[in-house]
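# Residue-level structural notes
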Amino acid sequence: MRIDGAVALVTGANRGIGRAFVEGLLARGATKVYAGARDPKSVEVTDPRIVPVALDVTDHAQVAQLAATADDVTIVVNNAGVVAGPSLLEGSLAGARQEFEVNTLGTWAVAKAFAPVLAAHGGGVLVNMLSVASWLAIDAAPGYAASKAAQWSISNSLRLGLRGQGTHVLNVHCGYVDTEFSKAVPFEKITAATVAEEALDGLTAGAEEVLVDEISKAVKAALPNDLATLYSVSHDQAIQRRW
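So, how was this worked out
- Residues numbered from 1 in each chain as written.
- Predicted model: local features only at pLDDT ≥ 70, side-chain atom pairs only at ≥ 80, totals over all residues.
- Heavy atoms only, no water.
- Helix = DSSP H or I, 4+ residues; strand = E, 2+ residues; numbered from the N terminus.
- Rg over C-alpha atoms; globule rule 2.2 N^0.38 Å.
- Buried < 20%, exposed > 50% of the residue type's maximum accessible area, 1.4 Å probe, protein only.
- Contact = heavy atoms within 4.5 Å.
- Areas by Shrake-Rupley, 256 points an atom, 1.4 Å probe, with all protein chains shown as cover.
- Lys, Arg positive; Asp, Glu negative; His and termini not counted.
- Charge placed at Lys NZ, Arg CZ, Asp CG, Glu CD.
- Core = buried A, V, L, I, M, F, W, Y, C linked by side-chain atoms within 4.5 Å.
- Right-handed = clockwise from strand over helix to strand, strands pointing away.
- Pairing = 2+ DSSP bridges.
- Axes fitted to C-alpha atoms, helices over the stretch in contact; angles between N-to-C directions.
- Phe/Tyr/Trp six-rings, centres within 6.5 Å; stacked < 30°, edge-to-face > 60°.
- Parallel < 35°, antiparallel > 145°, perpendicular 65-115°, else oblique.
- Left-handed = near helix turned anticlockwise from the far one by under 90°.

What follows is about the overall build of the chain. Helix and strand counts for the chain stand at eight helices and seven strands. The globule rule puts the C-alpha radius of gyration for 243 residues at 18 Å, and the 17 Å found for the chain is close to it. The buried share of the chain, taken over its 243 residues, is 51%. By sequence separation, contacts in the chain at least 24 residues apart represent 66% of the contacts at least 6 residues apart. Of the accessible surface of the chain, which amounts to about 10900 Å², a share of 55% is contributed by carbon and sulfur atoms. In the chain, 19 positive and 25 negative side-chain charges are present, and the distance between their average locations comes to 2 Å.

Attention now moves to the nonpolar core. If you look at the biggest cluster of nonpolar residues, it comprises 35 residues, and the most contacted ones within it are Phe21, Leu25, Val172 and Val195. Those elements that provide at least two residues to this core are β1 (7–10), α1 (16–27), β2 (32–37), β4 (75–78), β5 (125–129), β6 (168–173) and α5 (192–205). Val53, Leu55, Val57 and Ala111 belong to the second-largest nonpolar core, a separate cluster that totals 27 residues.

With that settled, consider the pairing of β6. Most of β6 is tucked away, with five of its six residues classed as buried. Remark: the β5/helix α4 (residues 142–162)/β6 crossover connection has right-handed handedness.

Let's shift gears to the sheet that holds β2. Pairing in this open sheet of seven strands is parallel, and the strands run β3-β2-β1-β4-β5-β6-β7 from one edge to the other. Either end of the sheet is taken by a strand with one partner, and the two such strands are β3 (50–54) and β7 (209–211). Along the sheet, successive strands turn relative to each other by an average axial angle of 15°, direction set aside. When β1 meets β4, the two strands line up parallel, connected through three bridges. Paired with Leu9 across the two strands is Val76, which belongs to β4.

Quick look at the packing of aromatic side chains now. Summed over all chains, the structure comprises one aromatic pair. Ring geometry for Trp135 and Trp152: centres 5.8 Å apart, planes at 85°, overall edge-to-face. Taken together, the residues Trp135 in the loop between β5 and α4 and Trp152 in helix α4 connect sequence positions 17 residues apart.

Our next topic: the packing of α1 against α5. Any two packed helices are characterised by how steeply their axes cross, that is the angle between the axes, and by the distance between the axes. Two numbers describe how α1 lies on α5: the axes approach to 8 Å, and their chain directions differ by 50°. Classified by the angle their axes make, α1 and α5 are oblique. The interaxial crossing formed by α1 with α5 has right-handed handedness. Where α1 approaches α5, its residues Gly16, Ile17, Ala20, Phe21, Gly24 and Leu25 are matched on the opposing element by Ala192, Ala193, Val195, Ala196, Glu197, Ala199 and Leu200.

Along the chain, Ala54 falls in strand β3. Classification of Ala54 as partly exposed rests on a relative accessible area of 35%. Sequence separation between Ala54 and Val43 is 11 residues; the distance between their C-alpha atoms is 9.9 Å. Dropping the residues within four chain positions of it, Ala54 is found in contact with Ala37, Pro40 and Gln62.

Here's what the structure looks like:
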């Protein structure tokens, strides 16, 4: 799909990867980008094509209302996400519940609300920002990894379910990204701009999946093997500590 002339919605657009998606879409000729954030005032408007909108992906009524007003959207980028859960054996499950509400059900709610909008414009594209954690359990952040695995499943269901209306679904996976969320992580990270650029390259090429970095490629390649092989790869690359 061509980005030039498109109208896009990016969730979680006020910082990090979301902000990079906004900038990348504008650089490639998008005529308008709705920048969704819980507080639209937190969205920096550096271009008149940026339209800040209030969007909490866990508020499904608000999501539906936005779909009714932003009815010119042809590209939806599901980027909003959180890391909030407990460790495996300690702490309340409230954080894990929030991870599922935002990462999994938020993606589903936005896709469900905007599917008719995309259909009305010939199908459009749905981009879902996932993670290497979609395929790899992490004992230090089990809720996050589980929510991303569920998000991957939902994304694949959306690919099947929206195919008939001509909507293309693109899943994007990567390891740690240099954002506010990963400030304390003392390991190599890729930039948010790299994630957005690789994803948008995949979008224009018609890809169904983009593996941004070497970690996501290594883990995906290990999936056909048994669990011992998969988690041997993860330990060899220190993924249990890093990802």
